[in-house]
Amino acid sequence: MSTTVGLYGASGTSYVLQQAVKELAAEQTDIENQTSTGVKSQTYAGLGSDRATAISLSPQITAVSTWQSSVSSAQTNLSVTQTALTQISSIATDLQTSLLSLSGSEGTSSLQTIVETAKTDLAQLGTLLNTTSGTGYVFAGTDSSNPPVTDSSGLATSDLATATASIVSGLSTDGAETVFENATALASGKTVTADNGSTVSASSVFSSALSADPSTVSSLDSTAIVGQDNDTVTVGMVATEGTPATSTSTGSMIKDLMRNLMIVASLGSADTSSTQFSDLVSTLQSSTSSVSAALTSKEGSLGITQDSLTSQATLLTSVSTMLNTQLGNVTDADLATLSTQSTQITDQLQASYTLIADMKSMTLASYI
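Counting from 1, residues in each chain are numbered in the order their sequence is written. Side-chain atom pairs in this predicted model are given and counted only at pLDDT of 80 or more, local residue features only at pLDDT of at least 70, and totals for whole chains, interfaces and linings cover all residues. Only hydrogens and water are set aside; all other atoms, that is, all heavy atoms of the structure, feed into the side-chain values.

1. Remarks on the pairing of strand 5 (residues 222-227)
Regular strands show a simple pattern: their side chains alternate between the two faces of the sheet.
Working step 1: In this analysis, strands are considered paired if DSSP registers two or more bridges between them. Think of it this way: any DSSP run of H or I at least four residues long counts as a helix, any run of E at least two long counts as a strand, and we number them from the N terminus. Where strand 5 lies against strand 6 (residues 231-235), five bridges are found, and the strand directions are antiparallel. Bridge pairing links S222 to V235 in strand 6.
Working step 2: What sits between the antiparallel neighbours strand 5 and strand 6 is a turn of three residues, in which D229 has the positive phi angle 60 degrees.

As C-alpha cells, then:
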C-alpha cells in the first residue's frame, strides 16, 4: 500500500510538478535571452516556420549592403576626380588666355612670364594627375596602385620637355606646322626625324600602363557594381584615355594639354614678330580650345554619373530598409509580449514551488 501511495501519490505528483517547473524555467530562460538579444533565436532553426523567410532575406540584404559600399566608394572617387579635373580645366583656360595675349606683338618680358607660368602649370598638372582617394590614384583607372605620372614635379624638366624644346628651337627653319606635328609625335611616344637627319625621342612621363595608345588605355576605366545582374558604371577617367592619335593630336586631351604647355614653356627665345611664331600660336590656340571643350565635356559626363549614383544610393537605401524590416518581422523579439509571458511564467513557477513545498509535509492521511 505504501508503495502504491508513493508512486501515484506524493512522489508521482512531485515528479510531474518538477518536470513542469523545468519546462517553465527553460521557457523563462528563452524569454530572458530574447529580451537581452532582441531576437527570437540565434539560429535559423529556432525561428520555426519563419526560418525559410529569414534564410531567403539574409543574402539579399548582404548583396544590397555590398552595392551600397560600392556606390559610396564610387561617389568618393568621382568627387575627388571631378575636383581635380576642374582644376586641370582651369589650367587649359589660363593657357588659352595666355595664347590670346601672344597673338599680337608681345614684349620679351611678357613672353617670359607666360613661359614661366607654363612651367609652373606643368608641375601643377602632374600633381593633379597623381591625385589619390582612399582607394588609389583616381586618374590611373584599374592600375590605381601606380601613379599616372612617374615624376609629377619634374614635368617641365623631363626628357619629353627637353625633346620638345629641341624641336621648338627649330621653329624659324622648320616652320610652325612641322614643329607642332613633331611635338605631337613625341608626346605620342614616337621618335621624330629632323630635317638634318637627326632623331629626337623621349621616354614617357606616364606609367607603363598609361603610356599605350589612348584608345587602348580607355579599356583601363574603373567600374563599380551598383546593382543586381552585375549592373556596373564607369567611374572617373584614365589620364591618357582617348582616341587614336593623328598628326596634330595625341588622341588624349591630357597629353595634348601637356604638349601645348611644353611648347609654350619652350618659347622663351622665340622671335615673337615672325610669321612662324604667330602661326604656331594660332595652332596652339585652336588645339587648346579643343582640349578645353573636351575637358568640359568630361566634367559634364562625370556629373551625370554622379547624379546617377546619387539616385542609385537612394534606391538602395529604400530597398535595404524594406528588406531589413521584413527580416525584423520574423527575427526580432516582441518585447511587450515577452514581458507579459515572463510575468505569467513567473506566477506559474511560484505556484509550482509552493505546491512542491506543501507536498513535502503531506502524510499518508492526506490521501485518505
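Read on for the rest.
2. Here's the deal with the nonpolar core
Working step 1: To qualify as a nonpolar core, a set must consist of buried Ala, Val, Leu, Ile, Met, Phe, Trp, Tyr and Cys residues joined through side-chain atoms within 4.5 Å. Only protein chains enter the accessibility calculation, which uses a 1.4 Å probe; a residue is then buried when its area is under 20% of its type maximum, exposed when over 50%, and partly exposed in between. Membership of the largest hydrophobic core comes to 75 residues, with the highest contact counts inside it found for I88, L129, F139, M258 and L280.
Working step 2: Listed by contribution, the elements that provide at least two residues to this core are helix 3 (51-101), helix 4 (108-129), helix 5 (159-168), helix 7 (176-187), strand 5, strand 6, helix 9 (253-265) and helix 10 (275-331).
Working step 3: Considering every element that reaches this core, the biggest residue donor is helix 3, with 15 residues.
Working step 4: The contact rule is simple, with two residues in contact once any of their heavy atoms fall within 4.5 Å. Other than its neighbours up to four places away in sequence, I88 contacts L125, L128, L129, F139, I254, L257 and L295.

3. Considerations on the side chain of N182
Working step 1: Note that N182 resides in helix 7.
Working step 2: The residues contacting N182, other than those within four sequence positions of it, are I167 and V192.

4. Digging into the side chain of T81
Working step 1: Within the secondary structure, T81 sits in helix 3.
Working step 2: Exposure remark for T81: the relative accessible area of 1% places this residue in the buried category.
Working step 3: Within the structure, the side chain of T81 is placed 2.7 Å from the backbone oxygen of N77, a separation counted as a polar contact.
Working step 4: Among all residues touching T81, those that are not within four sequence positions of it are V138, F139, G236, M237 and L302. Polar contact criterion, stated in full: a pair of N or O atoms within 3.5 Å, where within protein one must be able to donate a hydrogen and the other to accept it, and residues adjacent in sequence count only if both atoms are side-chain atoms.

5. Quick notes on the packing of helix 5 against helix 7
Working step 1: One can describe the packing of helix 5 onto helix 7 by two numbers: an axis separation of 9 Å at closest approach and a directional angle of 165 degrees. In terms of orientation, helix 5 lies roughly antiparallel with respect to helix 7. Along this stretch, helix 5 crosses helix 7, giving a crossing that reads as right-handed. Between helix 5 and helix 7, the contacting residues are L160, A163, T164, I167 and V168 on the first element and V179, N182, A183, L186 and A187 on the second.
Working step 2: We call Asp, Glu, Lys and Arg charged. Ala, Val, Leu, Ile, Met, Phe, Trp, Tyr, Cys and Pro are nonpolar, and the rest, Gly among them, are polar. Residues of the contact of helix 5 with helix 7, tallied by class, amount to eight nonpolar, two polar and no charged. To obtain an axis, a line is fitted to C-alpha atoms, over the contacting stretch when the element is a helix, and the angle between two such axes runs from 0 to 180 degrees between their N-to-C directions. Note on angle classes: values under 35 degrees are labelled roughly parallel, values over 145 roughly antiparallel, values of 65 to 115 roughly perpendicular, and the remainder oblique. For any pair of crossing helices, the crossing counts as left-handed if the nearer helix is rotated counterclockwise from the farther one by less than a right angle, and right-handed if it is rotated clockwise.

6. Looking at the confidence of the model for the chain
Working step 1: Confidence of the predictor at the level of single residues is captured by pLDDT, which takes values from 0 to 100. In this model, the chain carries a mean pLDDT of 83, and residues with pLDDT of at least 70 account for 73%.
Working step 2: Per-element confidence in the chain is highest for helix 9, whose mean pLDDT is 97, and lowest for helix 1 (residues 2-8), whose mean pLDDT is 47.
Working step 3: pLDDT under 50 marks residues 1-8. Its contacts with residues more than four places away, or in other chains, come to eight contacts.

7. A look at the environment of L309
Working step 1: Turning to its location among the elements, L309 is positioned in helix 10.
Working step 2: Accessibility expressed as a relative area gives 1% for L309, which makes it buried.
Working step 3: Through-space distance from the C-alpha of L309 to that of V226 is 8.2 Å; in sequence the pair is 83 residues apart.
Working step 4: Not counting residues up to four positions away in its chain, the partners in contact with L309 are V71, A74, Q75, L78, V226 and V233.

8. As for the pattern of salt bridges
Working step 1: Here, a salt bridge means any Lys or Arg side-chain nitrogen found within 4 Å of an Asp or Glu carboxyl oxygen. Taken as a whole, this structure holds three salt bridges when the rule is applied.
Working step 2: Notably, a salt bridge pairs K119 with E116, separated by 3.6 Å at the nearest N-O pair. Taken together, the positions of K119 and E116, both in helix 4 and three residues apart, correspond to about one turn of that helix.
Working step 3: Its salt-bridge partner being D256, residue R259 comes within 3.5 Å of it at the nearest N-O pair. Note that R259 and D256 are positioned in helix 9 at a spacing of three residues, about one turn of the helix.

9. Here's the deal with helix 9
Working step 1: What a helix is expected to span follows from its residue count: subtract one and scale by 1.5 Å. End to end, helix 9 covers 18 Å across 13 residues, agreeing with the expected 18 Å (1.5 Å per residue, within 8%).
Working step 2: Burial analysis of helix 9 places 13 of its 13 residues in the buried class, the great majority of the element.

10. A short note on the environment of A293
Working step 1: Among the structural elements, A293 can be located in helix 10.
Working step 2: Overall, A293 belongs to the partly exposed group, its relative accessible area being 48%.
Working step 3: Along the backbone, A293 and M253 are 40 residues apart, and their C-alpha atoms lie at a distance of 9.4 Å.

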